[in-house]
Amino acid sequence: MSELGQLLKKARLEKGLSLDDVQEATKIRKRYLEAIEEGDYKVLPGSFYVRAFVKTYAETVGLNPDEILQYYRNDIPATEPETNSEPIIRKKRSVQHSDRFGRWATTLLMWAFVILIIVILYFFLVKTSDTPNNQTADDTKITDSESPSPVAGEGNKGDAAGGNGGNTSTEPPVTPEPEPEPKPIVVLEKSSRSEDNFVVAAPDNGKLEVEITSTGGYSWLGVFVGNRQGERLYYENLDDGKTVKYEMPDKGMAIRMGRADFITVKIAGEVIPDGDVAGLKNMNLKLVPYEEAQKLQQEAGGAGNTGNSGANGTSTP
């Protein structure tokens, strides 16, 4: 067994993972994983796959893949360079096309800027020339309009009211402030390094959208109805930048992440903290009535919106 293989095997055992678990998370065949731990790289299909498989294996067991490849670069077969002049020629052609397009774009933007300035000046001159005429016409209408004649008896009424001309002042009604709109509630019941249990609820016991996104790298992802023995909604690698969305089932949801630090989970648009563990992480979401979630939220220390103080928001201790 090579020194690199011993290091990877030790990290795997410390994570409590079997070769089957690593195979499930990375989609690399078990016999290739065994060959990497034994240092028998001839079993793998090629030198390029050796580096790619070692890097993926290291990420899954929580090791830094770049440091592993750098430190053991003499033990890992080097990738054979490919000699081909065609890509270089194509690259030069693409650079020429890019320069030509850049010159056309610069010329077009310059003319567009000049035309925009002319249009702005035109509308400014037209508006300023129309303003005095309109103002004169309005002043003429106000001057020519007759003042309303007083109605008989209004003077007496004003005197009787104490010289106020019969006018009575009334205060405008006070508009009550609207109540804050209730928001979804997420309460952390139990947490450990490898598993978090949340209680979630929607206002008026409606529906909640769960959004899962891979950021920073690809990671294996499993999404299940209820628990990990329930129906599979997603069960494969989640590429970097890819997002999957589901409506929260009535039975709740279980999420299993190969690299929690690469995955962001949102409920109704709010980010749910997962500890950013560089390894396997389980997240269990239990759907309960809104009133029950409010009670649990108060017992957990009040309301908040993803950790911020406020009314009827996502609560995280």
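Residues numbered from 1 in each chain as written. Predicted model: local features only at pLDDT ≥ 70, side-chain atom pairs only at ≥ 80, totals over all residues. Heavy atoms only, no water.

**Q** Explain the overall build of the protein chain here, please?
**A** Scanning the protein chain from terminus to terminus reveals eight helices and twelve strands. Expressed as a percentage of its 317 residues, the buried residues of the protein chain come to 30%. Of all intrachain contacts in the protein chain linking residues separated by at least 6 positions in sequence, the fraction that spans at least 24 positions is 62%. Total accessible area on the protein chain stands at roughly 21,200 Å², and carbon and sulfur atoms take up 52% of it. (Helix = DSSP H or I, 4+ residues; strand = E, 2+ residues; numbered from the N terminus. Buried < 20%, exposed > 50% of the residue type's maximum accessible area, 1.4 Å probe, protein only. Contact = heavy atoms within 4.5 Å. Areas by Shrake-Rupley, 256 points an atom, 1.4 Å probe, with all protein chains shown as cover.)

**Q** Looking at this structure, I do not really get the pairing of strand β3 (residues 209-214). What am I missing?
**A** β3 sits mainly inside the fold: five of its six residues count as buried. Both β3 and strand β6 (residues 243-247) contribute to a ladder of five bridges, which runs antiparallel. Counted as the bridge partner of Ile212 is Val244 from β6. Judged from the five bridges that link them, β3 and strand β8 (residues 263-267) form a sheet pairing that is antiparallel. Bridging from a neighbouring strand, Thr213 pairs with Thr264 of β8. (Pairing = 2+ DSSP bridges.)

**Q** How should I be thinking about unusual backbone geometry in this particular structure?
**A** Leave glycine aside and you will find that most residues have negative phi; peptide bonds, for their part, are mostly trans. Positive phi, close to 65°, is recorded for Lys27, a residue that is not glycine. Residue Ala268 is not a glycine yet carries a positive backbone phi of 55°. In this structure, Ala268 sits in the loop between β8 and β9 (270-272).

**Q** Looking at this model, I keep getting lost on the sheet that holds β9. Mind explaining?
**A** Strand pairs in the sheet, formed through backbone hydrogen bonds, run parallel or antiparallel to each other. If you trace the four strands from one edge of the open sheet to the other, you get β6-β3-β8-β9, paired in antiparallel fashion. With partners counted over all chains shown, the strands left at the sheet margins are β6 and β9, one partner each. Neighbour to neighbour, the strand axes of the sheet diverge by 25° on average, direction disregarded. (Axes fitted to C-alpha atoms, helices over the stretch in contact; angles between N-to-C directions.)

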